[in-house]
Amino acid sequence: MSYRELAHSLIDQIPESRLYYVILYLQGAAVPDDTPNAETLEAMAEVEEMIKTGSGQHFQGNAEEFFSMLDAEG
């Protein structure tokens, strides 16, 4: 019996009152995995390196100050 057939069989045994929870779980499981593209992988590697070496620019402040800084640079 395949996993799909087993899942169908088990679903048939679940009381109607609990099917809602199974449906929510299945909807989450049915979402395809997102595979990062090359640019994202490169950015992630860059951040890992910055964390490892303690390099890079560090910002201390709140979000409003951060966005003000970005606006000033742009």
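Residues numbered from 1 in each chain as written. Predicted model: local features only at pLDDT ≥ 70, side-chain atom pairs only at ≥ 80, totals over all residues. Heavy atoms only, no water.

Participant: Hey, could you go over the pattern of salt bridges for me, with residue numbers and the actual values?
Facilitator: With the rule as written, the count across this model stands at one salt bridge. A salt bridge links Lys-52 to Glu-49; the shortest N-O distance between them is 3.9 Å. Here the residue Lys-52 and the residue Glu-49 both occupy positions in helix H3 (residues 38-53), the gap between them amounting to three residues, near one helical turn. Accessibility expressed as a relative area gives 68% for Lys-52, which makes it exposed. With relative accessibility at 39%, the residue Glu-49 sits in the partly exposed group. (Salt bridge = Lys/Arg side-chain N within 4 Å of Asp/Glu carboxyl O. Helix = DSSP H or I, 4+ residues; strand = E, 2+ residues; numbered from the N terminus. Buried < 20%, exposed > 50% of the residue type's maximum accessible area, 1.4 Å probe, protein only.)

Participant: Tell me about the packing of aromatic side chains, and name the residues and values.
Facilitator: Centre distance and the angle of the planes are the two values used to describe a pair of aromatic rings. Tallied over the entire structure, the rule returns three aromatic pairs. Where Tyr-20 meets Tyr-21, the ring centres are 5.6 Å apart and the plane angle is 75 degrees; that geometry is what we call edge-to-face. Overall, Tyr-21 belongs to the exposed group, its relative accessible area being 56%. The interplanar angle of 70 degrees and the centroid separation of 5.7 Å between the aromatic rings of Phe-66 and Phe-67 together place this pair among those described as edge-to-face. You can call Phe-66 partly exposed: its relative accessible area is 31%. Aromatic ring contacts, followed pair by pair, group Phe-59, Phe-66 and Phe-67 into a single cluster. (Phe/Tyr/Trp six-rings, centres within 6.5 Å; stacked < 30°, edge-to-face > 60°.)

Honestly, that's just the spatial picture; any functional story needs more than this.
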